[in-house]
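Topology and contacts: notes
What follows is each chain in one-letter form.
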Amino acid sequence: MSNDAATATVEGATSAAGPEQQPPAHGIGASLAPVDARAKTEGTFPYAADLWAEGLLWAAVLRAPHAYARIVSIDTAAAAAMPGVRAVVTHVDVPGDPAFGRRIADRPVFAAEFVRHHGEPIAAVAADHPDTARLAAAAIAVEYEVLEPVTDPEKAFAAEPLHPDGNLIRHIPLQYGDPEVTGEVVVEGLYRIGRQDPAPIGAEAGLAVPRPDGGVELYTASTDPHSDRDLAAACFGLEPDRVKVVVTGVPGATGDREDLSFQLPLGLLALKTGCPVKLTATREESFLGHAHRHPTLLRYRHHADAEGRLVKVEAQILLDAGAYAEASSESLAAAVAFACGPYVVPHAFVEGWAVRTNNPPSGHVRGEGAMQVCAAYEGQMDKLAAKVGIDPAELRMRNVLATGDLLPTGQTVTCPAPVAELLAAVRDFPLPTLPKDAPEDDWLLPGGPEGAGEPDAVRRGVGYALGMVHMLGAEGTDEVSTATVKVHDGIATVICAAVETGQGFTTLARQIVQETLGIEEVHVAPVDTDQPPAGPATHGRHTWVSGGAVERAAKMVRTQLLQPLAHKFGMSTELLQIADGKITSYDGVLSTTVTEAMDGKELWATAQCRPHPTEPLDETGQGDAFVGLAFCAIRAVVDVDIELGSVRVVELAVAQDVGHILNPRQLTARIEAGVTQGVGAALTENLRTSRGRIRHPDLTGYALPTALDAPDIHIVKLVEERDVVAPFGAKAASAVPVVTSPAAIASAVRAATGRPVNRLPIRPQAAVVQS
C-alpha cells in the first residue's frame, strides 16, 4: 500500500468514541514518530551485526545435516589444529546445565547422544576470521548413525520416544456442556496449517564479551533479556549476576527472537578464549536455528439448529512441536481455548495435543495457536452457511460473542467484546469495483503483469472471518514490569527493560511521560539486565504492563512536583494541571513552568504494574486463564483464476477492537503489517520439509509477500471501548489481524471457486475449478 493510500485509510476509519478530532502534537493520542526512524531508514542504526570489539574473534556453528541420528563420535582435532582457530566447543564443554528451555528444559546446548532435528547445533568454533571459523566448523568430523525420523505428528503417539520426556508434551481435553446434545445441521471438516517462519528482516547476530570477574556480557537482539540471562547463566555454570545481557537494535520480531541457540555458543566461546566473539548468521542458519509457527492438523464437527445458531462444537487439534517443547504448551492452551472462535457455543468438546517430532522446532510466532484454529472454525462457518442456505455474514452475526458471554473454558468475557459491531462495519463497507477487461489492466489479473491468465477465467469472491487473541501471558503467568522515570533540567528519562521490537514501546513510553508531566523531551534508556525485569515482548504485553509501570512512575513524579506548589497555595494537587510544559491551577491563580517548579531538583520514582492473576486450565480445560481479549473482523475480496489456481487479494476491509488509540499512525502501521503477514500465511509462506529436512532454507525457496503482493487495506472501523482493567484502556493491536486475515482470504477463495479450501497456505490446485 502506498503512503497516500495508508493515510487515506487512517482518515477514513471511524471510531466508536465519536467524531474525529484534531490529534494532539504530543502525549497520548499523538502520531509521534519513533526516535530511531531516521537512523533506521538511513541505515545508520546500530544492530548486533554492526558491533565490534578489540581483539574480536568470529564464531561459526556446525549444524546437523540429518533430522534424526545417533551421534557415534565427534572429532574436533582437525578443526582445532587449523591456523587461526582459537577454540572448539561441543557438549562436553558446557560447564552448567546441558539443556535449556523457558518452560521445559529439554533442548540441549549442543547435541550429545542424538540429533533430533535438521540444523541442531553440534559444535561451535572461534577463529580470527569468519571464513576460517566456517572452514573449521566444516572440518569437524562427526560420525552419525542415521535413524528413521518421525515427521508425521499423528504417528508420534505410537512411535518410540524421541526424547527422555516422551513424545507427548501436553494434552488438554476441554469439556463444556452436555456431550449428548446434537444439532439439526451438522458439518465436518479436516484442516491443515503449514509451517510459517517469522523470517525477521535481519538474521540473528550477537557479540559475547568476557568480563574480568569471570562472567560474560551478551550483546544481542533479545526480546526477553532477563530470561535469556538466567538460562544462559545456568548453562554457563555461573551466577546470574555474572552474566549481563545488553539489548541491541532488534531488526524485526513477531513473537520470535526467543531462541538461544546462537547466544549460548557465543558465550561459551568467549569464556573459553577470554576474547570477544561475534557471530552473524546467514539466512540459511537463521532458518535452521530459530523456531517456526506450529504446523497443525485440525478435525472439526459443528452442530447447529435449522436457523444456523450453534449448538455444539467438537474438535481435535494436533500441534507439531518439532523436536523440543519451546512454547508448545502455551500455544496449545490458546488453540483449545479459542477453538470455537468469538461465537457463543453452548456445548464444546475439544481435545488438543502437542507432540514432539523430528521436524524443525516450533515456538512463538505472532498469534500462535489462535491463528490455526481461526482458519478451521471459519471454514466450518462457511460450510454451515452453505448447508443452512443463508449469507455467511448473517450466519456469523447470529452467533457472535459479546461482553458477559462465556468462553468454552468457563471464563466470563468481562472485557469489551464488540464483535457484532466489527462484523457489521466490514459487511457494510462498499465493495471494490470489478476490474476492466482492458490491456492496461492486465496487472489486475491474479497472474500479475505478463501473466498467463485469461480474464474470462477470473472469478471474484468475498469472504469473512472473525478472530480473537489473548493479551499478556496466560494460565497463571506472573505478569509484572518495573519502570523508573527521572526528571532533571526539563528532560525526562525512562528506564524500563521492555524491549523495543518494532511494536512502538519506546514511542509510547515517551508519550505517557509527555501526557503526565508535560515535558516534551523524553528519552528512553537502552535496555540491559542491570535494570529490573519487564518480561518478554509478546502478546502486546508491554503496552499494558510496561506502559502501566511507566504511567505509575510518571504519576508519582507528578505528585512530587506538584505537592510543594499545592501546599504553598493551599490547594489539592488534583486542582493543578500540567500541559505544554506549564503548571496551572483551576482558578488561574497559579501559573508557572515545569522547569521553574523543578528549581534544579532531580525527581524520580520507580513503580510496578502487575495485572490481576490468572489460573491454569484444569483437567477438563476449564479456568480463568486469560487477562484480556482482543477481537477483529476482516472481509476479504479476491480474484481467482479458476484454470490456473492463482489468487490475487484485491482488498481487505478491517474492523478492530483497539480499546483506546494511543498513537494513530503507529496503530495503523501495526494493523497493516499484521494483515500483510496474514496474507503470506494464506497464500505463500510454507517452510517445506522432506523427511524432516528443510528443503530450501533461504528467501528464494521461502516466498514472503512483497509490496506488490500487499492488497488494498482499508481500516474501516477502530472501536474505542476502553478495557477498564488495562492502563489507558488499550488493547494489543498486531496479533489479531495476523490471526484473522488468512481465514478471511480462504473464505473468499471458497466463495469464488466453490472448493472447500481446507489447507493453508492455499495451493493452486485447491483453487482450480474443473470444467
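Description of the structure in this document. (Residues numbered from 1 in each chain as written. Predicted model: local features only at pLDDT ≥ 70, side-chain atom pairs only at ≥ 80, totals over all residues. Heavy atoms only, no water.)

**Looking at the overall build of the protein**
To keep things clear, this is the line we draw: Think of it this way: any DSSP run of H or I at least four residues long counts as a helix, any run of E at least two long counts as a strand, and we number them from the N terminus. When we talk radius of gyration, it's over C-alpha atoms, and the globule rule is simply 2.2 Å times the number of residues to the 0.38. Only protein chains enter the area calculation, which uses a 1.4 Å probe; residues under 20% of their type maximum are buried, those over 50% are exposed, and those in between are partly exposed.
In terms of helices and strands, the protein carries 16 helices and 32 strands. In terms of C-alpha radius of gyration, the protein reaches 27 Å, essentially the compact-globule figure of 28 Å for 771 residues. Seen through its principal axes, the protein has C-alpha atoms that stretch 85 × 75 × 60 Å. Counting over 771 residues, the protein shows a buried share of 60%.

**Here's the deal with the sheet that holds strand β22 (residues 522–524)**
Strands belonging to one sheet form pairs held by backbone hydrogen bonds; the direction of such a pair is parallel or antiparallel. Definition in use: A pair of strands is considered paired only if DSSP assigns at least 2 bridges between the two. Simply put, an axis is a line fit to the C-alpha atoms, just over the touching stretch for a helix, and the angle between two N-to-C directions goes from 0 to 180 degrees.
If you trace the four strands from one edge of the open sheet to the other, you get β22-β21-β20-β26, paired in mixed fashion. The open sheet terminates on both sides in strands that have one partner only, identified here as β22 and β26 (603–609). Across the sheet, the axes of successive neighbouring strands diverge by a mean angle of 20 degrees, strand direction being ignored. Pairing of strand β20 (residues 481–488) with β26 involves seven bridges; the strand directions are antiparallel. Counted as the bridge partner of S481 is C609 from β26.

**Remarks on the pattern of salt bridges**
Note the following rule: In the sections that follow, a salt bridge refers to a side-chain nitrogen of Lys or Arg positioned within 4 Å of a carboxyl oxygen of Asp or Glu.
In this structure the tally under the stated criterion is 35 salt bridges. Residues R211 and D213 are paired through a salt bridge, measuring 2.9 Å at the closest nitrogen-oxygen approach. Residue R635 pairs with E651 through a salt bridge whose shortest N-O separation is 2.9 Å. Residue R635 is found in strand β27 (residues 626–641), and its partner E651 is found in strand β28 (residues 647–657); the two are separated by 16 residues along the sequence. Here R635 falls in the buried class, since its relative accessible area comes to 1%. Here the residues in one salt-bridge network are E188, R301, K312 and E314, joined through shared partners.

**Description of the environment of A625**
Note the following rule: In what follows, residue pairs with any heavy atoms lying within 4.5 Å of each other are defined as contacts.
For A625, the position within the fold is in the loop between β26 and β27. For the pair A625 and P251, spaced 374 residues apart in sequence, the C-alpha to C-alpha distance is 32 Å. When near neighbours in sequence (up to four residues on either side) are disregarded, A625 contacts Q411, G473, A474, E475, T614, E615 and L617.

**Overview of empty space enclosed by the protein**
To keep it simple, the criterion reads: Here a cavity means grid points, on a 1 Å grid over the protein atoms only, where a 1.4 Å probe fits yet cannot get out; a pocket means an open set of points with protein on both sides within 12 Å along at least five of seven lines; lining residues are those with an atom within 4 Å of a point. Grid points are joined across faces, edges and corners, and a volume is the space filled by probe spheres set on the points.
This model, assessed by the stated rule, comprises five cavities of 30 Å³ or more. By volume, the largest cavity amounts to about 640 Å³. Along the wall of the largest cavity there are 39 residues; nearest its centre are G540, R670, A732, A733 and S734. Secondary-structure elements contributing two or more residues to the lining of the largest cavity are β19 (458–474), α12 (505–517), α13 (541–569) and α15 (664–683). Approximately 60 Å³ is the volume found for the second largest cavity.

**Details of the pairing of strand β23 (residues 576–579)**
The side chains of a regular strand alternate, residue by residue, between the two faces of the sheet. Of the two faces of β23, only the one carrying L576 and I578 is buried; Q577 and A579 on the other face are not. Bridge count between β23 and strand β24 (residues 582–585): four bridges; the pairing is antiparallel. Counted as the bridge partner of Q577 is T584 from β24. The turn linking β23 back onto β24 is made up of two residues, and D580 within it adopts a positive phi angle of 55 degrees.

**Re the nonpolar core**
What counts here: Here, the term nonpolar core denotes a set of buried Ala, Val, Leu, Ile, Met, Phe, Trp, Tyr and Cys residues that are joined through side-chain atoms within 4.5 Å.
Formed by 109 residues in total, the largest nonpolar core has its most connected members in Y300, I317, F338, L629, F631, I745 and V749. Per-element tally for this core: the top contributor is helix α9 (residues 370–388), with eleven residues. Excluding its chain neighbours within four sequence positions, the residues that come into contact with F338 are A370, V373, Y377, M468, V469, H470, F626 and L629. Listed in part, the 54 residues of the second largest apolar core include A221, L472, L603 and A726.

**Here we look at unusual backbone geometry**
Following L760, the chain continues into P761 via a peptide bond in cis, with omega recorded as -5 degrees. Examined against the element boundaries, P761 turns out to sit in the segment after β32 (759–760). Unusually for a residue other than glycine, R691 sits at a positive phi of about 55 degrees. For R691, the location among the structural elements is in the loop between β29 (689–690) and β30 (693–694). Accessibility expressed as a relative area gives 51% for R691, which makes it exposed. Look at F728: it is not a glycine, yet its phi comes out positive at around 65 degrees. Among the secondary structure elements, F728 is positioned in the loop between β31 (712–719) and α16 (735–753). A relative accessible area of 13% places F728 in the buried class.

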